[in-house]
Amino acid sequence: MESKRPRLLEEADKQKKTVRVGLNAPSMLRKNQLGFLRFTNYCRLARELRVSCMQRKKVQIHSWDPSSLASDRFNRILANTNTDQLFTVNQVEAGGSKYGIITMRGLTTPELRVYPHKSLYVPNRKVNSMCWASLNHLDSHLLLCFVGLADTPSCAVLLPASLFIGSYPGMRRPGMLCSFQIPDAWSCAWSLSIHAYHCFSTGLSQQVLLTNVVTGHQQSFGTSSDVLAQQFAIMTPLLFNGCRSGEIFGIDLRCGNQGRGWKAICLSHDSAVTSLQILQDGQFLVASDMTGTIKLWDLRATKCVTQYEGHVNNSAYLPLHVNEEEGVVAAVGQDCYTRIWSLRHGHLLTTIPSPYPASENDIPSVAFSSRLGGFRGAPGLLMAVREDLYCFSYG
């Protein structure tokens, strides 16, 4: 794959995308008009054509502050629901990490400009897990699980997003923040369900800890393995957990933590589960593990209905991205290739090489959205690698 990378990048720069024979817009449209294509097949082929023709453009990072995040290496990016803000974890030369938010409204302009903001209030400590949290309004806060140090215990911290955006001169001071002392967490998730209002969960070693940020009340659920991935369902009162043992199980939030009645659904992978994504109807779940296996599970029948082939993972903790509106699944492998599949059918739609040679330290971090930069944005993929940010938008 590394030997093919320069050729694929050259083809992308020349906008010579290799598309399946017979897959072109005029032919597809004509066949659909004549009734030779079923509507579902037409939609699938149109999506495949759009995704396979995404064009790579470098995003210009314009900083308000010369000492901001523009020159630091990206470790991870995490987009909010509207994809108008991007939380970033950056590696600094002296060691440790630096955290900030990039505002992305400039992605709707031809120049593709974004503006990073840092905060002096966030400690320079390693974060094991993070997610956006909706405390005051949608994505109003960030939930960060800091690793403990020799003289500082591990904790889960709830930070307002205004802590970053409002940290430069002329803006008001940020609001409150909360800190909860917990053991080192492998994963975390914020609840948007009415069954666990204002609550978040942390996946610990052989334990799941559910915390209410308003009352401080905590519930503990014992497990047989480390919990590496978590997500709350929205339509059903369930919290799903992926374990190092390969087990995926649901916790019924209506039950207490006494006995074993809270364990609702059990699925199984052959290796450690690293990422979970629940579809909006709460009836399907996408999971990936450390063997590179990605499966779509039917939660009612408790069986795998689709498997996404080609993902490369031997030992890394790699996230999974699902976009139901565009009908795609995206994941970055240890070979530094980003692959995008059809969510429903499992077909591999496109394979995107990294702009840099494959390396364990240079695995890209990506975000896929139907509206990059906000409600008026176009569908596409954001890729952060080294100090650069790239946008792959539909042509």
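If you're wondering where the values come from, they're calculated on a predicted model, not measured in any experiment.

Chemist: How should the packing of aromatic side chains be read in this particular structure?
Modeler: What characterises a pair of aromatic rings is the spacing of the ring centres plus the angle enclosed by the ring planes. With the rule as written, the count across this model stands at seven aromatic pairs. Aromatic pair Phe87 and Tyr99: ring centres 6.2 Å apart, planes at 5°, arrangement stacked. Of this pair, Phe87 sits in strand 4 (residues 85–91) while Tyr99 sits in strand 5 (residues 97–103); the two residues are twelve residues apart in sequence, bridging distant segments of the chain. Classification of Phe87 as buried rests on a relative accessible area of 0%. Measuring from ring centre to ring centre gives 5.2 Å for Phe221 and Trp262, while their planes differ by 70°; the resulting arrangement is edge-to-face. Of this pair, Phe221 sits in strand 14 (residues 218–222) while Trp262 sits in the loop between strand 17 (247–252) and strand 18 (263–268); the two residues are 41 residues apart in sequence, bridging distant segments of the chain.

Chemist: Before we go on, may I ask you to explain the nonpolar core in this structure?
Modeler: Here is a general trend for soluble globular proteins: nonpolar side chains tend to be buried in one another's company. One finds Phe87, Tyr99, Ile101, Phe146 and Phe164 to be the most contacted residues of the largest nonpolar core, which totals 19 residues. When residues of this core are traced back to their parent elements, those giving at least two are strand 4, strand 5, strand 7 (127–133), strand 8 (141–146), strand 9 (155–160) and helix 4 (162–165). Sequence-distant contacts of Phe87, that is, excluding residues within four places in its chain, are made with Arg76, Ile77, Leu78, Tyr99, Gly100, Ile101, Met130, Trp132, Leu142, Leu144 and Phe164.

Chemist: Help me out: how do you make sense of a nonpolar patch on the surface in this one?
Modeler: On the surface, Leu138, Leu192, Ile234 and Met235 cluster together into a nonpolar patch covering about 410 Å² of accessible area. Along the chain, Ile234 turns up in the loop between strand 15 (227–232) and strand 16 (238–243). The exposure class of Ile234 is partly exposed, given its relative accessible area of 47%.

Chemist: Please explain the side chain of Ser225 as it appears in this structure.
Modeler: Note on placement: Ser225 falls in the loop between strand 14 and strand 15. Accessibility expressed as a relative area gives 8% for Ser225, which makes it buried. A distance of 3.4 Å separates the side chain of Ser225 from the backbone nitrogen of Arg244, its partner in a polar contact. Once residues lying within four places of it in the same chain are set aside, the contact partners of Ser225 are Leu204, Gln206, Gln207, Cys243, Arg244 and Ser245.

Chemist: How do you make sense of the pairing of strand 16 when you look at a structure like this?
Modeler: The side chains of a regular strand alternate, first on one face of the sheet and then on the other. The buried fraction of strand 16 amounts to six of the six residues, a majority that puts the element mostly inside the structure. Where burial is concerned, the two faces of strand 16 agree: the one with Leu238, Phe240 and Gly242 and the one with Leu239, Asn241 and Cys243 are both buried. As paired elements, strand 15 and strand 16 share five bridges and run antiparallel to each other. Paired with Ala229 across the two strands is Gly242, which belongs to strand 16. Here strand 15 hands over to strand 16 after five residues, the two strands then running antiparallel side by side. Two strands pair when backbone bridges link them, and strand 16 and strand 17 are joined in this way by five bridges, in the antiparallel orientation. Counterpart to Leu239 in the pairing with strand 17 is Ile251. Joining the antiparallel neighbours strand 16 and strand 17 is a turn of three residues, in which Gly246 adopts a positive phi near 100°.

Chemist: Would you mind going over the sheet that holds strand 21 (residues 294–298) with me for this structure?
Modeler: Pairing between sheet strands relies on hydrogen bonds along the backbone, with the strands arranged either parallel or antiparallel. Across the sheet, which stays open at both edges, the four strands sit in the order 19-20-21-22 with antiparallel pairing between neighbours. Each edge of the open sheet is held by one strand with a lone partner, namely strand 19 (273–278) and strand 22 (303–308). Going across the sheet, the axis of each strand differs from the next one's by a mean of 25°, ignoring polarity.

Chemist: Teacher, can you tell me more about the environment of Ser245 here?
Modeler: Along the chain, Ser245 falls in the loop between strand 16 and strand 17. Sequence-wise, Ser245 and Val227 are 18 residues apart; in three dimensions their C-alpha atoms are separated by 8.9 Å. The residues contacting Ser245, other than those within four sequence positions of it, are Ser225, His269 and Ser271.

Chemist: What should I look at first to understand the pattern of salt bridges in this one?
Modeler: Any two side chains of opposite charge can pair, given that their charged atoms come close. Applying the stated rule across the entire model yields ten salt bridges. Between Glu247 and Lys263 there is a salt bridge, and its shortest N-O distance comes to 3.1 Å. Pair noted here: Glu247 is in strand 17 and Lys263 is in strand 18, with a separation of 16 residues, a long-range link. Judged by relative accessible area, which is 26%, Lys263 ranks as partly exposed. Salt-bridge contacts for Glu325 lead to Arg371; the nearest nitrogen and oxygen are separated by 3.0 Å. Separated by 46 residues along the polypeptide, Glu325 in the loop between strand 23 (320–323) and strand 24 (328–332) and Arg371 in the loop between strand 27 (365–369) and strand 28 (380–385) bring together distant segments of the chain. Judged by relative accessible area, which is 33%, Arg371 ranks as partly exposed. A single salt-bridge network, built from bridges that share partners, covers Arg73, Asp362 and Arg386.

Calculation notes
Residues numbered from 1 in each chain as written. Predicted model: local features only at pLDDT ≥ 70, side-chain atom pairs only at ≥ 80, totals over all residues. Heavy atoms only, no water. Phe/Tyr/Trp six-rings, centres within 6.5 Å; stacked < 30°, edge-to-face > 60°. Helix = DSSP H or I, 4+ residues; strand = E, 2+ residues; numbered from the N terminus. Buried < 20%, exposed > 50% of the residue type's maximum accessible area, 1.4 Å probe, protein only. Core = buried A, V, L, I, M, F, W, Y, C linked by side-chain atoms within 4.5 Å. Contact = heavy atoms within 4.5 Å. Patch = residues over 30% accessible without salt bridge, like charges linked within 9 Å, V, L, I, M, F, W, Y side chains within 5 Å. Areas by Shrake-Rupley, 256 points an atom, 1.4 Å probe, with all protein chains shown as cover. Salt bridge = Lys/Arg side-chain N within 4 Å of Asp/Glu carboxyl O. Polar contact = N/O pair within 3.5 Å; in protein donor to acceptor, adjacent residues only side chain to side chain. Pairing = 2+ DSSP bridges. Axes fitted to C-alpha atoms, helices over the stretch in contact; angles between N-to-C directions.

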